[in-house]
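# Fold and geometry: a report
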Amino acid sequence: MPEQPRPEDIIERLLAEQRLSRRGFLRKAGATGLTFSGAAAFLAACGGVEGTATKTTAETVAVDHPKVPITQLNFSNWPLYIDKSVIKSFEKEYGGKVKYTEEINDNQEFFGKVRQQLQQGQAIGRDIVVLTDYMATRWIRNDYLTPIDKKNVPNAQNLVEGLRAPNFDPSRQYSLPWQSGMTAIGYNPKRTGGKLSSINDIFDPKFKGRVTMLADPHDSASLMILADGKKTADATIDDVLAAIDRIDEENRKGQIRRFTGNDYTTDLAKGNVWISVAYSGDVIQLQADNPELEFLIPDEGAVLWSDNMLMPQKAAHPYAAETMMNYVYEPEIAAKIAAYVNYVTPVIGAQEELAKTDPETAENELIFPSDETRAKLNPYPTLSPEDENRMLEAMQKVTGA
Amino acid sequence: MSAVTRATRRRTVALGVWSGFALLYLFLPVFLIVAFSFNDPSGRFNFTWQGFTLDQWKDPFSVEGLGTAFRNSLEIAALSVVVSVILGTLVALALARYHFRGRSPLGLFLFLPLATPDVVMGASLLGLFLTMNVATGFATILIAHVMFNIAYVVVTVLARLQGMDAHLEEAAMDLGANEWTTFRLVTLPLIAPGVAAAAMLAFVLSIDDYIVTSFNAGTTSTFPLYIFGAARQGVPPQVNVLATALLFAVVLLMVGNVAYQRRLARRDAAA
Amino acid sequence: MARRALLTARRRRQLLPYAILVPGVAWLVVFFAIPVLNQVYVSLESGTIEQGYAFDWNWSSYGTALSDYQEQFLRSLFYAGTATVLALVIAFPLVYFVAFRGGRYKTVLLALIVLPLFMNFLMRTVAWQTILQDDGFVADTMRSLGILEEDGRLLATRTAVIAGLTYNFLPFMALPIYAALEGVDRRLIEAATDLYATRWQAFRRITVPLAMPGIVAGSLLTFIPALGDYVNASLLGSSRETMIGNVIQSKFLVLTDYPTAAALSFLLMLFIVVLVAIYIRVLGRRSLFEAAAA
């Protein structure tokens, strides 16, 4: 906790003097020379935001979101992550209007946008946001979320076994996976002169300048840890930093052409680059234009991540949000989404549903991985906030920005 | 032909060739974007040419969210141009024609938005809105756009004002016109090209802005926000269509303007 | 009479400049100055996004900014400077041609220079990715001409980033120079040649100095945004070409390290202001905002 002697004294005195509304409090705080940053820090110090305490894993929070007519739902998601007809059919079945905004392009970036409101305990104007595991972890830990009323989401029982009790949300009280995805190697066997099998293959000097890696260390460092024969689930911060050192080395050698976000797709499609650390869904889409491309799940394994549906604090339409969550967990609907998005669906029964209408896609290992494949998939390493920061900083030094 | 004329002619040709290449350089990406609006990609990505089609043009708003984003951008651009041109022109007038205390520091202050990186402007403005509990959205985007546009308008109009002969205004006032009449009948017509240029610049800056907007948009979508989001996953050809359409609209406006000027000139000549 | 109207003509003329200034300046003060000053405040804080930030005169962010990111600062300077010079070299003959030899087509040509600006800049930069791709027309030609090595590439190099910067800001260089050249009184040049100056001397001694305000303005409108740019480096460069804008952006948005980001931003702004002051003093007889005319 940061040291806050002076502001605390002042504000305690203010609060003692009178009952202040939140707005009045902030105005007074402003008048006493504290800026919003100071106020936020104070709130943090006062336990409004707890930095280091972990949520007690076993407790289930009692929550009740009674059924109300659905008028509005504010749903924020990543781009191209839903079949829009699903929204329309939801509106038709339940009424109301869904405001679907594809504003999430990066977990950290989105968090930065809404951070101040979250820390001040305010609503952020969204009922559902979809964030990757490590960011969901942070929001749960800091109490930024509204718990889910499971009574309104009976279809949650369709969640695949492996995702039912993650360590950041053991009873799935706050989160429900939207889609999962794999991070591994996307490449063009024709250009590389043959198939690859190991993560370490990408560092073959033959491919100098023809390799891209994801700038997100969650993905890239994890692959390096796996390449070293270790498991990411057991990885410590030292393992992570060592992995980043290795990436740095290869980068200095010129092996890695550049570090990318989702834009490795351009380079891979155009042949500028032969090998990319890539996401499974992207590669499937690329294959539509260029069937030569392949997605490799290496011998050492690959990463399976999930993007989770979350209800931010003070969400205005929790019942509507839960109804949506329940809706997309119907196997039929999940199948539709999977067919469009091409990522790994977390819903049991979706594959069978899809087989009825689109058997080819239902067979795709990358969308419906077999148990054998699933055994090779690993989660991101779990790190404390300080360690996560160290990882991000270390990677930033490597990528130059 | 004299030696001088020959040399001049050679120079003109050389300059012309250089200019041709320079213009080609400027337009090469534009041609590409226009061309790819007619592409027929089978997948999500619009990188490789796969066939000509008019389908994208027939249905440019079929991509969900693109239409709303585009409309928002146009509305915001139009509004921010109007506000910033008015406010900015007034400031430029004050700077150019009046001596008042604080003129030089004001000049420096007005220059600062031009020197500030977009990231700083966007993030700090968001901080302000959050402190004041203002919900981010259409209005806050508009506020931000007017903010950075004012500075550009001032610079542009000021350049025009400085280049124009101030004596004309003095003469008008000597002849009994007050400030407002002078401004309306003398200054404004003379600086009109500068104001038009400023308006154009403000429009471009607004409709193209990404960074500042992304901080202050809330859940509102604009065209650049849409493109940046889509670019990571694959920009659909419909985006090319809309971008091209916008360009054509501007071309039509310019052509229309020229034709209008010509008609005015002819009418004045005939009168 | 003592009870004259408060606003005599004289008083009105005194107050007028302030009156018309107020709306515009107020807007900038509220929505630019105050937020940015707050950033200076933020730069002196310490803390993390999880724990919150505390103001404690923490100057270490500035120290970190200067020491860790020297490379990016200098690189940005070099790229922006090169792009500005290149833009000047490309734009000046173009604009000279339009202003002095354009004739009837002046408006059309000017419109053509401006037109690309109306195409979204991100899309134009992405288009350059296609144009400069490894097995594209440009790269192939350069390889066959020997300018590029056999396994060389154009993208993810310094060349691509500088080319992108030059391209994006070319119209901003061209327009002010055009405005200045357009205002040059042709008769001055005629007079010079009448007095036995060669065309080159006339150009050097008359045209260039008169165009100088435009050159100054154009250079600034190119250099400054180029210095803070990050899009070109991000799309056309690699980790070896990152600019200070990329660092600021990632510090703000990805690492959410606000104190360092704010420190970097402030340093960048300071740097620009100082540089511009020197530049104008050396090159411009009148500063950008001094009244000219009379």
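Everything numeric here is computed off the predicted structure, so don't read it as measured data.

Right, let's talk about the overall build of chain B for a bit. Of regular secondary structure, chain B possesses 11 helices and 0 strands. Listing every helix and strand of chain B by position from the N terminus yields α-α-α-α-α-α-α-α-α-α-α. On the principal axes, the C-alpha backbone points of chain B span a range of 70 × 70 × 40 Å. Expressed as a percentage of its 271 residues, the buried residues of chain B come to 56%. Partitioning the intrachain contacts of chain B with sequence separation of at least 6 by distance along the chain shows that 71% fall at a separation of at least 24. For chain B, the computed accessible surface area is about 11900 Å², with 67% contributed by carbon and sulfur atoms. With 17 positive and 14 negative side-chain charges, chain B shows a spacing of 11 Å between the two charge centroids.

Many structure descriptions define interface size as the accessible area lost when the parts assemble. Taken together, the contact pairs 85 residues of chain B with 75 residues of chain C. Taken together, both faces of the contact between chain B and chain C bury some 7600 Å²; the carbon and sulfur share is 83%. The largest per-residue losses of area from chain B upon contact with chain C belong to Tyr 25, Leu 26 and Gln 162 of chain B, which jointly make up 9% of the total buried on that side. One can count 0 salt bridges joining chain B with chain C. Summed over the shared surface of chain B and chain C, the result is 7 residue pairs in polar contact (both at pLDDT 80 or more). The element best represented in the side of chain B that touches chain C is helix H1 (residues 3-36) of chain B, accounting for 18 residues. Residues belonging to the side of chain B that touches chain C are distributed by class as follows: 70 nonpolar, 10 polar and 5 charged.

Next up on the list: the environment of Asp 307 of chain A. Residues and elements named next belong to chain A. Structurally, Asp 307 can be placed in strand E9 (residues 302-310). Apart from the residues within four sequence positions on either side, Asp 307 is in contact with Trp 78, Tyr 81, Val 130, Leu 131, Thr 132, Pro 177, Trp 178 and Gln 179. A polar atom in the side chain of Asp 307 sits 2.6 Å from the side chain of Tyr 81.

Turning to the packing of aromatic side chains, a few remarks are in order. All names here are of chain A. This structure, assessed with the given rule, holds 37 aromatic pairs over all chains. Ring centres of Tyr 94 and Tyr 327 lie 5.9 Å apart, and the angle between their planes is 90 degrees; this geometry places the pair in the edge-to-face category. Of this pair, Tyr 94 sits in helix H4 (residues 84-94) while Tyr 327 sits in helix H12 (residues 318-328), placing them 233 residues apart in sequence. Here Tyr 94 falls in the partly exposed class, since its relative accessible area comes to 28%.

Another point: unusual backbone geometry. Residues and elements named next belong to chain A. With a phi angle near 50 degrees, Arg 172 is a residue other than glycine that sits in the positive phi range. On the secondary structure map, Arg 172 appears in the loop between helix H6 (133-141) and strand E4 (175-187). One non-glycine residue, Asn 342, lies in positive phi territory at about 65 degrees. In this structure, Asn 342 sits in the loop between helix H13 (331-341) and helix H14 (350-357). By relative accessible area, Asn 342 is classed as buried at 7%.

Glancing now at a nonpolar patch on the surface. Taken together, the side chains of Val 13, Val 17, Phe 21, Leu 24, Leu 28 and Phe 31 of chain B make up a nonpolar region of the molecular surface, amounting to roughly 570 Å² of accessible area. Taking relative accessible area as the criterion, Phe 31 of chain B reaches 48% and is therefore assigned partly exposed.

It is worth spelling out the pairing of strand E6 (residues 256-260) of chain A at this point. Residue and element names in this part refer to chain A. For E6, the tally of buried residues reaches 5 of 5 residues, placing the bulk of the element in the interior. Sheet topology places strand E5 (residues 211-214) next to E6; 4 bridges connect them, and they run parallel. In the strand pairing of E6, Met 213 is matched with Phe 259.

Our focus in this paragraph is the confidence of the model for chain C. All names here are of chain C. Predicted confidence across chain C gives a mean pLDDT of 83, with 92% of residues reaching 70 or more. Within chain C, strand E2 (residues 52-55) has the poorest average pLDDT of any element, 74, and helix H3 (residues 70-101) the best, 93. Low pLDDT, under 50, characterises residues 287-294; the stretch is placed with 23 contacts to residues that sit more than four places away or in other chains. Two numbers describe this predicted complex: its pTM, 0.81, and its ipTM, 0.83.

Here Gly 96 of chain A is to be found in the loop between H4 and strand E2 (97-101). Between the alpha carbons of Gly 96 of chain A and Gln 72 of chain A there is a distance of 5.3 Å; along the sequence they are 24 residues apart.

As a further point, take the side chain of Asn 272 of chain A. Here Asn 272 of chain A lies in the loop between helix H10 (264-270) and strand E7 (275-279). Relative accessible area serves as the criterion here: at 1%, Asn 272 of chain A is assigned to the buried category. Apart from residues lying up to four places away in sequence, Asn 272 of chain A is in contact with Arg 210, Arg 257 and Asp 267 of chain A together with Gln 133, Asp 134 and Leu 155 of chain C.

Residue and element names in this part refer to chain A. All chains considered together, the criterion is met by 27 salt bridges over all chains. In this structure, Lys 230 and Asp 228 form a salt bridge, with 3.6 Å as the shortest nitrogen-oxygen distance. By relative accessible area, Lys 230 is classed as partly exposed at 35%.

Conventions and cut-offs
- Residues numbered from 1 in each chain as written.
- Chains lettered and ligands numbered in written order.
- Predicted model: local features only at pLDDT ≥ 70, side-chain atom pairs only at ≥ 80, totals over all residues.
- Heavy atoms only, no water.
- Helix = DSSP H or I, 4+ residues; strand = E, 2+ residues; numbered from the N terminus.
- Buried < 20%, exposed > 50% of the residue type's maximum accessible area, 1.4 Å probe, protein only.
- Contact = heavy atoms within 4.5 Å.
- Areas by Shrake-Rupley, 256 points an atom, 1.4 Å probe, with all protein chains shown as cover.
- Lys, Arg positive; Asp, Glu negative; His and termini not counted.
- Charge placed at Lys NZ, Arg CZ, Asp CG, Glu CD.
- Buried area = accessible area lost by both parts, 1.4 Å probe.
- Salt bridge = Lys/Arg side-chain N within 4 Å of Asp/Glu carboxyl O.
- Polar contact = N/O pair within 3.5 Å; in protein donor to acceptor, adjacent residues only side chain to side chain.
- Nonpolar A, V, L, I, M, F, W, Y, C, P; charged D, E, K, R; others polar.
- Phe/Tyr/Trp six-rings, centres within 6.5 Å; stacked < 30°, edge-to-face > 60°.
- Patch = residues over 30% accessible without salt bridge, like charges linked within 9 Å, V, L, I, M, F, W, Y side chains within 5 Å.
- Pairing = 2+ DSSP bridges.
- pLDDT = per-residue confidence, 0-100.

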